[in-house]
Amino acid sequence: PQSRTIAVNNESPILALDSRTAGHPQSLPLNIRRLGRQPYEATWKAMSAFTDNRTADTPDELWLLEHDPVFTLGQAGKLEHVLAPGDIPVLPVDRGGQVTYHGPGQIVGYPLINLRRVGVGVRELVRRIEQSLIDTLAYWNVNAVRREGAPGVYVGGAKIAALGLRLRRGCSFHGLAFNVAMDLEPFQRINPCGYKGLAVTQLLDLGGPSRLADVEEVLIGAFCRQFGFTAEPAAAVIPELPARAAV
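Throughout, a residue's number is its position along its own chain's written sequence, starting from 1. Predicted model: local features are reported for residues with pLDDT of at least 70 only, side-chain atom pairs are reported and counted for 80 or more only, and whole-chain, interface and lining totals are derived from all residues. Side-chain measures here rest on the full set of heavy atoms in the structure, leaving out hydrogens and waters.

### Thoughts on the overall build of the protein
Okay, so step 1: Within the protein one finds four helices and twelve strands.
Okay, so step 2: Type-normalised accessible area, obtained with a 1.4 Å probe on protein chains alone, sets the label of each residue: buried when under 20%, exposed when over 50%, and partly exposed for intermediate values. Here the protein holds 247 residues, and 59% of them are scored as buried.
Okay, so step 3: Note on definitions: a residue-residue contact is assigned when non-hydrogen atoms from the two residues lie within 4.5 Å. Nonlocal contacts in the protein, meaning residues at least 24 apart in sequence, comprise 74% of its contacts between residues at least 6 apart.
Okay, so step 4: The Shrake-Rupley method, run with a 1.4 Å probe sphere, supplies the accessible areas, and residue values consider only the shown protein chains as cover. Within the structure as shown, the protein displays about 10,600 Å² of accessible surface, and the carbon and sulfur contribution to it stands at 50%. Comment: elements are numbered from the N terminus, with helices defined as DSSP H or I runs of at least four residues and strands as E runs of at least two.

Rendered as structure tokens:
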């Protein structure tokens, strides 16, 4: 289907939309896949295929992983915000938002959710993902907030988590990037999320743990509480759904 990008605030469109969503909240299982370190492009293609091929009965999933170093440029992205990438590849992608960095030590979460079935719209999706991150940081006594006009989560004015999403056929893919215990230097090579001079931070520097698995456990709980899901551990492999028949 033909896609369009909408802004969820007045400045930075972080959602790329293919359809509008509606529905009613209900408790549902959420398959949790903890996938370790994965290359970006193959994962992107896999979650896009999962979204294309899922049916009304396909359970929702949350993929948690790390990526090899990469800069990704969203649909609204401008190359002028990529200052000096050096040896790190720059990949234009089909999520909303501007440029960001992914690398080891950062939790990347891809919520593959049927929004109609869960009963949330796009703004509520963003709000609940942000709140799950805020609640996760609160577990380690870190006070995190939203910032008007700049989606994501911030601590003391520095960004600790970024969001960039896409909706297709009423289902979400792409997602969140949460800085935990990583080399932050590559963020100096870009204007993070399109904001010149935006400071970034990470949980380790704020007194939190360095082990991503510890943070993932708390994030899974916070995410499920926000959406009313029940976490269901799933195999640590990227699933392949049968291709849907063309309509």
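### Here we look at the environment of Ile-160
Okay, so step 1: With respect to the secondary-structure elements, Ile-160 resides in strand 10 (residues 158-168).
Okay, so step 2: Separated by 43 residues in the primary sequence, Ile-160 and Leu-203 place their C-alpha atoms 7.5 Å from one another.
Okay, so step 3: When neighbours within four sequence positions are excluded, Ile-160 is seen to be in contact with Leu-137, Val-153, Tyr-154, Val-155, Ala-177, Phe-178, Asn-179, Thr-201, Gln-202, Leu-203 and Leu-206.

### Points about the environment of Gln-106
Okay, so step 1: Along the chain, Gln-106 falls in strand 8 (residues 106-112).
Okay, so step 2: Distance from Gln-106 to Ala-161, taken between C-alpha atoms, is 9.3 Å for residues 55 residues apart in sequence.
Okay, so step 3: If near-sequence neighbours (up to four positions away) are discounted, Gln-106 is found in contact with Leu-65, Glu-66, Tyr-101, Ala-177, Phe-178, Asn-179, Val-180, Met-182, Phe-187 and Leu-212.
Okay, so step 4: Separated by 3.0 Å, the side chains of Gln-106 and Asn-179 make a polar contact. Side-chain atoms alone can form a polar contact between residues adjacent in sequence; in general such a contact is a pair of N or O atoms within 3.5 Å, and within protein one must be able to donate a hydrogen while the other accepts it.

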